[in-house]
Amino acid sequence: MEVFRDAPQVFYEGTVVALGNFDGLHVAHMQIIRNGIKYAREHELKSGVLLFEENTKNFTGKKRIELITPNTAKLELLEREDLDFVVMRRFTHEVMEKSPEEFFMFLVNELHAKAVCCGYDYSFGYKAAGRVDTLRELGAKYGVEVLVTDMVTIDDTVVSSTVIREMIKDGDMERSEKFLGRRYCVEGPVVKGLQNGTRLGFPTVNVCYDAQMALPKPGVYAGITYARGGRLKSVINVGKNPTFGAEHITVESHILDYDENLYGEYVRVSFAKRLRGEIKFESLDALKTQIAHDAESVRGMIL
C-alpha cells in the first residue's frame with residue numbers, strides 16, 4: 001500500500017477513492033472501503049482512501065471531537081485490507097473553502113478518480129454544502145461512478161463514531177468491540193510514572209497517550225498490551241489512582257508475569273472488559289489484595 005502525504009497527485013491512471021471522515025474506521029467505514037476495493041478489482045482500477053490528518057470537525061467546530069483511532073493505527077488497519085494507496089492530507093483553509101464541485105474536481109484531476117464511494121450521510125465542500133445527491137449529480141456530469149453504502153446497524157443501533165465514543169466513555173468495551181470490529185486501543189510511548197505500582201509489587205507500564213484520545217470510563221480493565229512483538233495479558237487501570245491522590249488521568253497496564261523494562265518504547269493497550277470502577281482504598285494492603293485479585297481474574301480469562 002502506497003501512502004501519499006500531501007503529494008501533488010496520485011500517479012495512477014484510474015482509481016476508486018473512498019470518501020469520509022473515517023475518524024473511527026469502524027465496521028460501517030470498513031464496509032464503504034471494502035465496497036470500493038471490490039469495485040476496483042472488478043474494473044481493473046486502483047483502490048484508495050482519502051484521509052485527513054485530523055477530524056475535519058475539529059478544524060471548523062468549537063468543541064473538539066475525541067479520537068477513536070489515531071493515524072498510525074488507521075494506516076495499519078488499511079494495510080490489512082489490501083488497498084493500493086492512501087492519500088493523507090492536511091485539512092487546510094484552502095481545502096475547507098473548496099466548493100463541492102471544486103473538491104470533486106480535485107478527486108478527478110489529482111487522484112484520477114473513475115469512481116468514488118461513500119456512506120449514505122456523506123457531506124463535502126464548503127460548509128458541507130455537498131451531499132450524496134450532489135455527488136451523484138457531479139458523477140453523472142463528469143463520468144465518475146458513485147457508490148453509496150447504506151447505513152449499517154448492529155442490535156438495531158446505527159453504527160457511528162458518536163455512538164462508539166459513548167460506549168467507550170461508559171466503559172462498555174465489549175459492545176464497542178462489536179461496533180468497531182476490533183477492541184478499542186490506546187497507544188503511545190512508555191514513560192516513567194509515580195512508581196506506586198512498583199512499590200506495591202505490581203509494576204505498571206505508563207502509556208503517554210494522545211491527549212485527544214477518547215478514554216474509557218475510569219476503572220480497571222482486562223486487556224492486552226502489545227509490546228516487542230508480544231501479546232501480553234494485562235490488568236489496565238484508567239484514572240487518577242484515588243488511593244494516592246493523583247491529579248492526572250493515567251493509563252497504566254500491569255502486564256502479568258512480565259518484568260522487562262519498556263521505558264521509551266511504543267506500546268498499544270487494548271481493552272477487553274471492565275472489571276470494576278475506581279476505588280479509594282483505606283490501606284495499601286487492601287489495595288494490594290484487590291490488585292492481586294484483579295490479576296488472578298485476568299489470568300484465567302481467554303483474551
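In this text the structure is predicted, and so the values were computed from the model without any measurement. (Residues numbered from 1 in each chain as written. Predicted model: local features only at pLDDT ≥ 70, side-chain atom pairs only at ≥ 80, totals over all residues. Heavy atoms only, no water.)

Trainee: What am I meant to see in the overall build of the protein here?
Mentor: On a plain count of helices and strands, the protein comes out with ten helices and 14 strands. In terms of overall dimensions, the protein has C-alpha extents of about 70 × 35 × 35 Å along its principal axes. Classification of the 303 residues of the protein by burial places 48% in the buried group. Taking as baseline every contact in the protein between residues at least 6 positions apart, the subset at least 24 positions apart corresponds to 72%. Approximately 15300 Å² of the protein is accessible, and the part contributed by carbon and sulfur atoms is 49%. (Helix = DSSP H or I, 4+ residues; strand = E, 2+ residues; numbered from the N terminus. Buried < 20%, exposed > 50% of the residue type's maximum accessible area, 1.4 Å probe, protein only. Contact = heavy atoms within 4.5 Å. Areas by Shrake-Rupley, 256 points an atom, 1.4 Å probe, with all protein chains shown as cover.)

Trainee: Looking at this structure, I do not really get the nonpolar core. What am I missing?
Mentor: Burial of nonpolar side chains together is a common tendency in soluble globular proteins. Ranked by internal contacts, the top residues of the largest apolar core, which has 31 residues, are Tyr184 and Phe271. Listed by contribution, the elements that provide at least two residues to this core are helix H7 (161-169), helix H8 (173-180), strand S9 (184-191), strand S10 (205-207), strand S11 (219-227), strand S12 (230-239), strand S13 (250-255) and strand S14 (266-276). In this view, phenylalanine 271 contacts Met173, Arg183, Tyr184, Val186, Pro216, Tyr221, Ala222, Ile236, Val238 and Val251; residues no more than four positions away in its chain are not counted. (Core = buried A, V, L, I, M, F, W, Y, C linked by side-chain atoms within 4.5 Å.)

Trainee: Looking at this structure, how should I read the pattern of salt bridges?
Mentor: In the structure shown here, the tally under the stated rule is 17 salt bridges. With a shortest N-O distance of 2.9 Å, arginine 268 and glutamate 76 are connected by a salt bridge. Here the residue arginine 268 occupies a position in strand S14, and glutamate 76 occupies one in helix H3 (residues 71-79), the gap between them amounting to 192 residues. Ionic pairing is found between aspartate 257 and arginine 299, a salt bridge with its closest N-O pair at 3.0 Å. Remark: arginine 299 occurs in helix H10 (residues 284-299) and aspartate 257 occurs in the loop between S13 and S14; sequence separation between them is 42 residues. (Salt bridge = Lys/Arg side-chain N within 4 Å of Asp/Glu carboxyl O.)

Trainee: Before we go on, may I ask you to explain the environment of serine 283 in this structure?
Mentor: Topologically, serine 283 is positioned in the loop between S14 and H10. Separated by 253 residues in the primary sequence, serine 283 and methionine 30 have C-alpha atoms spaced 48 Å apart.

Trainee: So what exactly am I meant to see when it comes to unusual backbone geometry here?
Mentor: Leave glycine aside and you will find that most residues have negative phi; peptide bonds, for their part, are mostly trans. One non-glycine residue, phenylalanine 22, lies in the positive phi region at around 50°. Mapped onto the elements, phenylalanine 22 comes out in the loop between strand S2 (15-18) and helix H1 (27-42). Accessibility expressed as a relative area gives 0% for phenylalanine 22, which makes it buried.

Trainee: What is the right way to read the environment of serine 234 from this model?
Mentor: Here serine 234 is to be found in strand S12. Taking C-alpha positions, serine 234 is 5.4 Å from histidine 254, a pair spaced 20 residues apart along the chain. In contact with serine 234, other than residues within four places in its own chain, are Tyr221, Ala222, Gly223, Ile224, Thr225, Ser253, His254, Ile255 and Val298. Within the local environment of serine 234, its side chain forms a polar contact with the backbone oxygen of leucine 232, the two atoms lying 3.0 Å apart. Engagement of the side chain of serine 234 in a polar contact is seen with the side chain of serine 253, the distance being 3.2 Å. (Polar contact = N/O pair within 3.5 Å; in protein donor to acceptor, adjacent residues only side chain to side chain.)

Trainee: What should I look at first to understand the sheet that holds S2 in this one?
Mentor: Across a sheet, strands are paired by hydrogen bonds formed along the backbone, either parallel or antiparallel in direction. Pairing is parallel in the open sheet, where six strands are placed in the order S1-S4-S3-S2-S5-S6. This sheet does not close on itself; its edge strands, each paired only once, are strand S1 (2-5) and strand S6 (145-149). This sheet shows a mean twist of 20° between the axes of neighbouring strands, independent of strand direction. Alignment of strand S5 (residues 113-119) against S6, held across five bridges, turns out to be parallel. By the bridge assignment, glycine 119 is partnered in S6 with threonine 149. (Pairing = 2+ DSSP bridges. Axes fitted to C-alpha atoms, helices over the stretch in contact; angles between N-to-C directions.)

Trainee: Looking at this structure, how should I read the pairing of S13?
Mentor: Two faces, one strand: in a regular strand the side chains alternate between the faces of the sheet. Judged by how many residues are buried, S13 sits mostly within the fold: six of six residues are covered. Residues Thr250, Glu252 and His254 of S13 are buried on one face, and the alternating residues Val251, Ser253 and Ile255, pointing to the opposite face, are buried as well. Both S10 and S13 contribute to a ladder of two bridges, which runs antiparallel. Bridge pairing in S13 links valine 205 to serine 253. Taken together, the six bridges between S12 and S13 define a ladder with antiparallel strand orientation. Bridge pairing in S13 links asparagine 237 to glutamate 252.

Trainee: Explain empty space enclosed by the protein here, please?
Mentor: In this approach, a probe sized like a water molecule rolls over the atoms, and the result shows the empty space that is left. This model, assessed by the stated rule, comprises one cavity of 30 Å³ or more. Put simply, the largest cavity is a space of about 70 Å³. Lining the largest cavity are 13 residues, and of these Asp23, Glu54, Asn55, Leu67 and Lys74 sit closest to its centre. Looking at the lining of the largest cavity residue by residue, the classes come out as three nonpolar, four polar and six charged. (1 Å grid on protein atoms, 1.4 Å probe; cavity = no way out; pocket = protein on both sides within 12 Å on 5 of 7 lines; lining within 4 Å. Points joined across faces, edges and corners; volume = space filled by probe spheres on them. Nonpolar A, V, L, I, M, F, W, Y, C, P; charged D, E, K, R; others polar.)

Trainee: Quick question: what am I supposed to make of the sheet that holds S13 here?
Mentor: As summarised here, the arrangement of the six strands in space is S9-S10-S13-S12-S11-S14, forming a closed barrel in which the pairing is antiparallel. If you compare each strand with its neighbour and ignore which way they point, the axes differ by 45° on average. Most of the contacts of H10 go to S12, to which it runs at about 140°, and overall it touches S11, S12 and S14.

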